[in-house]
Amino acid sequence: MSAPAVITTDIKEFKLASRGKVRDIYEIDPVTLLIVTTDRISAFDVVMPDPIPLKGVILNQITLYWMKMMEDLVGNHILAADTADFPKALAPYSAMLRGRSVLVRKAKPLPIECIVRGYITGSGWKDYQKTGMVSGHKLPTGLRESDMLETPLFTPSTKAEIGQHDENITVDQAAAMLGPALMTKVQDLALAIYSRARSHARTRGILIADTKFEFGATDDGLLLIDEVLTPDSSRFWPADGYAPGRGQPSFDKQFLRDWLEEIGFDKRPPAPRIPEEIALKTQEKYLEAYRLLTGTELTV
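Below, the structure is looked at part by part.

Rules used in this analysis
- Counting of residues starts from 1 at the beginning of each chain's written sequence and follows it residue by residue.
- With the structure being a predicted model, the display of local features is reserved for residues of pLDDT at least 70 and the display and counting of side-chain atom pairs for 80 or more, all residues being used for whole-chain, interface and lining totals.
- Side-chain numbers come from the whole structure's heavy atoms, not from hydrogens or water.
- Put simply, DSSP H or I for four residues or longer makes a helix, DSSP E for two residues or longer makes a strand, and each gets a number counted from the N terminus.
- This radius of gyration counts C-alpha atoms alone. The globule rule is 2.2 Å times how many residues there are, raised to the power 0.38.
- Remark: exposure states derive from per-residue accessible area (1.4 Å probe, protein chains only) relative to the maximum for the residue type, with buried under 20%, exposed over 50%, and partly exposed in between.
- Residues count as neighbours in contact if any of their non-hydrogen atoms are within 4.5 Å of one another.
- To measure how exposed things are, a 1.4 Å probe is used in the Shrake-Rupley method; for residues, cover is taken only from the protein chains shown.
- Within this scheme the basic residues Lys and Arg register as positive and the acidic residues Asp and Glu register as negative, but His and the chain ends are omitted.
- Every charge is mapped to an atom, namely NZ of Lys, CZ of Arg, CG of Asp or CD of Glu.
- In protein, a polar contact requires one atom able to donate a hydrogen and another able to accept it; more generally it is a pair of N or O atoms within 3.5 Å, and residues adjacent in sequence count only if both atoms are side-chain atoms.
- Two strands form a pair only when DSSP identifies at least two bridges running between them.
- All axes here are fitted lines through C-alpha atoms, helices being fitted over the stretch that makes contact, and every angle between N-to-C directions spans 0 to 180 degrees.
- Definition used in this section: a nonpolar core is a set of buried Ala, Val, Leu, Ile, Met, Phe, Trp, Tyr and Cys residues joined via side-chain atoms within 4.5 Å.
- By salt bridge we mean one thing: a side-chain nitrogen of Lys or Arg within 4 Å of a carboxyl oxygen of Asp or Glu.

## Focus on the overall build of the protein
- Across its full length, the protein holds seven helices and 16 strands.
- Taken against the 2.2 N^0.38 rule, which gives 19 Å for 300 residues, the C-alpha radius of gyration of the protein at 19 Å falls within 12% of a compact globule.
- Seen through its principal axes, the protein has C-alpha atoms that stretch 60 × 50 × 35 Å.
- Looking at the protein as a whole, 50% of its 300 residues qualify as buried.
- Intrachain contacts of the protein at a sequence separation of at least 6 include 66% that bridge at least 24 residues.
- Total accessible area on the protein is roughly 14,000 Å²; 52% of this is exposed by carbon and sulfur atoms.
- When the 36 positive and 40 negative side-chain charges of the protein are each reduced to one mean point, those points stand 1 Å apart.

## Concerning the side chain of T294
- Secondary-structure assignment places T294 in helix 7 (residues 276–294).
- At 2.8 Å, the side chain of T294 forms a polar contact with the backbone oxygen of Y290.
- Polar contacts involving the side chain of T294 include one to the side chain of T296, which spans 2.9 Å.
- Setting aside its immediate chain neighbours within four residues, T294 contacts Y65 and R204.

## Quick look at the sheet that holds strand 1 (residues 15–19)
- Spatially, five strands are ordered 1-2-3-7-6 in an open sheet, and the strand pairing comes out antiparallel. Across the chains shown, the open sheet's two edge strands, defined by having one partner strand only, are strand 1 and strand 6 (78–80). Neighbour to neighbour, the strand axes of the sheet diverge by 35° on average, direction disregarded.
- When strand 6 meets strand 7 (residues 101–105), the two strands line up antiparallel, connected through two bridges. When the sheet's bridge partners are listed, I78 is paired in strand 7 with V104.

## Quick notes on the pairing of strand 15 (residues 221–225)
- The buried fraction of strand 15 is high, at four of five residues.
- Note that strand 14 (residues 206–218) and strand 15 share five bridges and pair antiparallel. Bridging from a neighbouring strand, A217 pairs with L222 of strand 15.
- Joining the antiparallel neighbours strand 14 and strand 15 is a turn of two residues.

## Considering the nonpolar core
- One finds M48, F213 and F215 to be the most contacted residues of the largest nonpolar core, which totals 61 residues.
- Top element by residues in this core is helix 5 (residues 180–203). It accounts for eight residues.
- Aside from chain neighbours lying at most four places away, what touches F213 is E113, C114, V116, A190, I193, Y194, L224, V228 and L229.

## Here's the deal with unusual backbone geometry
- Between P269 and P270 the backbone carries a cis peptide bond, its omega angle lying at 0°.
- Structurally, P270 is set in the loop between helix 6 (254–262) and helix 7.
- Positioned with a positive phi, L229 is a non-glycine residue whose angle comes to about 50°.
- In this structure, L229 sits in the loop between strand 15 and strand 16 (234–238).
- A residue is classified by how much of its surface remains accessible, and L229, at 0% relative accessible area, is buried.

## A word on the pattern of salt bridges
- In total, this model carries 21 salt bridges according to the counting rule given.
- Residue R105 is joined to D220 by a salt bridge in which the shortest nitrogen-to-oxygen separation is 2.8 Å. Note that R105 is positioned in strand 7 and D220 in the loop between strand 14 and strand 15, a separation of 115 residues in sequence.
- Classification of D220 by relative accessible area gives exposed; the value is 65%.
- A salt bridge links R235 to D210, with the shortest nitrogen-to-oxygen separation between them at 2.6 Å. Taken together, the positions of R235 in strand 16 and D210 in strand 14 put the pair 25 residues apart, joining distant regions of the chain.
- The class for R235 is partly exposed, based on a relative accessible area of 29%.

## Some remarks on the side chain of S233
- Tracing the chain through its elements places S233 in the loop between strand 15 and strand 16.
- Taking relative accessible area as the criterion, S233 reaches 7% and is therefore assigned buried.
- Those residues in contact with S233 that lie beyond four places of it in its chain are D210, T211, K212, E227 and V228.

Following this line, the structure appears as structure tokens:
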């Protein structure tokens, strides 16, 4: 499919509640939000000036796919995903919103990022090399970079403002922030969702190295919110060619990151313009992740 890229939105009929690196969120009424996943892309915590067309649609559809799969484990905040079911005031924007937006129930986000690691990589690998531990978890000696962890780890972090970096914390520190009972519930949910997703993805040729979840509190309990198991919130590796002992290629913005490193980007705004060939290669990686995970072509 093809559609015009959506870099930013301007829906005058409703209040803009927030504009993040990728998502624009509007307040529809006191209990309902509209989340629009744009085609903006960030790297090294810097938002690029050029979009990756269809990226927002892909991320939104992958999130919906996983949320449906996990409904028996935890409820989610989705109220409507079809623009035909949106308020009439949004009808003039339906072409822009189609496939990339959802109406959701308001929830109070928990103050931690719920990170699950199934393989030793990234900041977890760096911590392990220094201390033999990751977020307070003592790991076996002799692990190699990208080794699979037989038991996935819950490794929470703080939430940083845009442009800042999250800080890894221990489970005990998370329990001090949330309370022990809520922390245990969140940990159990995050590990259950990840374990199911990891098993499913492996049958489709994708290894989910790690991921982060967002949960929101409501009067009725916890809900799974935000994006779920996308190439932006997770490390997806191709199973074909997986080899511990080194870093792995990934289904995300790797082309973009590699190009930025090659040109000597100092990882501070303003970011350079993205060449078309880099944008297209990046888009193809996102599309490939969607096709492999869902077994379908993107048709929204």
